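An overview of the molecular structure
Here's the letter readout for the chains.
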Amino acid sequence: MAEKEETMDVSEIRDSAPSAKKNGRTSLLDSGEDFEVLDEEDINDDPPPLEDAGGGKGKSTDESDKRKADTDPDQADEWLDVLGNDQLKKKVLEAGQGRDSRPQKGQNVKIHLKTFLKDGTLVEEQSDLAFTLGDGDVIQALDLTVQLMEMGEKALVQTDAKYAYGTCGSLEPEVPPSAELSLEVELLEATDAPDLELLPPAEKIALASHKRERGNVHYQRGDYAFAVNSYSIALQITESSSKVDINPEEENELMDVKVKCLNNMAASQLKLDHYDAALKSCVSALAHQPENIKALFRMGKVLALQGEYTEAIQTLRKALKLEPSNKTIHAELSKLVKRHSEQRGAEQAMYKKMLGNPASSSSTQKHRARSSWGLSWKWLFGATAVAIGGVALSVVIAARN
């Protein structure tokens, strides 16, 4: 995967998706992903409606007991079926500070997490795992269940592989494919996300890059809809207005992150067969960087899939002119030219079949005309010979008489 003809810069994919790189699951360019090369499930992640309940620190023992009862009756013994499909369940181990202390989507949260396999094997422990709730920064099981936790609460979560590391598993942490997991979670902190307008440029670049890298992870795992979501969030960060001064170097770096997000988003949209959206992403990337080879390559593929072979060939030829040694573009262009030629041949054959073959018809008519004239002359010559013979015979008979 590090061969020159297949990659332009694989450092990005090494950082963002080591699992996919080591397993060799993705062909970097041909599969459509960007990651510095040329290349949903529909889950309602909103928690169930909640009623407001009082509670907090400094309450009396009776009030604390009442708060626990209001939060989840018999919560110490019962599991909450989060999605109603028995594949994601949560049980409170230690009650928190009440429902009004639950975090909201978009907030930055910090948790203490222990991850176990079904047989009890400890996979990973993270003391201060920070992420934005609802942004897809972590596995779905955490994104969905932490929204239902109270501040200070400790809970046990059991999740199917679908909401964890899926059929691919993971190398970091080391989780086998299709593994069910048990998670011990303690909610430590919840704070509002920073105001993007007031965020220093360096922090904005780092935040957008982090969201983009998370999208790369989703892409490598085949979760293309989640990848699109992460890239969309990264784009919103790069496009947000700023009340803080930004120098030209930082501005260029932010633009580079934006173009990478657009390229990666186009790759994900291609995988989802969203061709119009993918084309729009390519056009946006090229509007900022007209000679971006990855965007040109992917745009050529989109146009070909839409049946626009002439435009697709022109686009790929432009990309090849910018990088003549790129074998991947060569292969894609050759394949496309051959397909276009075959299509034109099939269309011409169809037109001939529909309209007939005028040249062949004209030739046949000329042949028939020549044949007809040949017969006519032969008949006329024969008739003349017979007539002359008849006259001669009459003369001879007359002379004898």
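A short tour of the structure in this document, coming up. These figures come from a predicted structure and were not determined experimentally. (Residues numbered from 1 in each chain as written. Predicted model: local features only at pLDDT ≥ 70, side-chain atom pairs only at ≥ 80, totals over all residues. Heavy atoms only, no water.)

What follows is about the pairing of strand β4 (residues 122-132). Examined bridge by bridge, strand β3 (residues 108-117) and β4 share eight bridges and lie antiparallel to one another. Along β4, the bridge assignment pairs N108 with T132. What sits between β3 and β4 in their antiparallel hairpin is a turn of four residues, with G120 showing a positive phi close to 95 degrees. (Pairing = 2+ DSSP bridges. Helix = DSSP H or I, 4+ residues; strand = E, 2+ residues; numbered from the N terminus.)

Here the structure, examined in full by the defined rule, presents one aromatic pair. Measuring from centroid to centroid gives 5.1 Å for Y219 and Y224, while their planes differ by 65 degrees, and the two rings are edge-to-face. Y219 sits in the buried class, given a relative accessible area of 2%. Among the residues examined, Y224 registers a relative accessible area of 21% and is labelled partly exposed. Seen from the ring of W79, K89 lies directly overhead, with NZ or CZ sitting 5.6 Å from the centre. (Phe/Tyr/Trp six-rings, centres within 6.5 Å; stacked < 30°, edge-to-face > 60°. Buried < 20%, exposed > 50% of the residue type's maximum accessible area, 1.4 Å probe, protein only. Lys NZ or Arg CZ within 6 Å of the ring centre and 35° of its normal.)

With respect to topology, six strands assemble into an open sheet ordered β1-β2-β5-β6-β3-β4, the strand pairing being antiparallel. One side of each edge strand has no neighbouring strand; the edge strands of this open sheet are β1 (80-81) and β4.

Looking now at the nonpolar core. Ranked by internal contacts, the top residues of the largest apolar core, which has 41 residues, are M299, I329 and L336. A per-element tally of this core places helix α7 (residues 248-271) first, with nine residues. Excluding residues that lie within four positions of it along the chain, L336 makes contacts with A304, Y309, A312, I313 and L316. In this structure, L88, M151, A155 and A164 belong to the second largest nonpolar core, which totals 29 residues. (Core = buried A, V, L, I, M, F, W, Y, C linked by side-chain atoms within 4.5 Å. Contact = heavy atoms within 4.5 Å.)

Another point: helix α9 (residues 293-305). Under the 1.5 Å per step criterion, the end-to-end length of α9 is 18 Å for 13 residues, consistent within 8% with the ideal 18 Å. Of all 13 residues in α9, twelve are buried; the element is thus mostly enclosed. Burial in α9 covers these residues: I293, K294, A295, L296, F297, R298, M299, G300, K301, V302, L303 and A304. For α9, the N-terminal capping position is held by N292, with its side-chain oxygen 3.2 Å away from the main-chain nitrogen of K294. (Expected span 1.5 Å × (residues − 1). Polar contact = N/O pair within 3.5 Å; in protein donor to acceptor, adjacent residues only side chain to side chain.)

Across its 20 residues, helix α5 (residues 201-220) extends 29 Å between first and last C-alpha, which sits within 8% of the 28 Å expected from 1.5 Å per residue. Just downstream of α5, G222 is the residue with a positive phi angle, here 85 degrees.

With that out of the way, let us pick up the pattern of salt bridges. Within the structure shown, the criterion is met by ten salt bridges. Here E180 and K118 are joined by a salt bridge, their closest N and O atoms 3.5 Å apart. On the criterion of sequence distance, the pair formed by E180 in the loop between β5 (154-159) and β6 (181-191) and K118 in the loop between β3 and β4 is long-range, its members being 62 residues apart. Of the residues examined, E180 reaches a relative accessible area of 36% and is grouped as partly exposed. The structure contains a network of salt bridges with shared partners spanning D135, D137 and K211. (Salt bridge = Lys/Arg side-chain N within 4 Å of Asp/Glu carboxyl O.)

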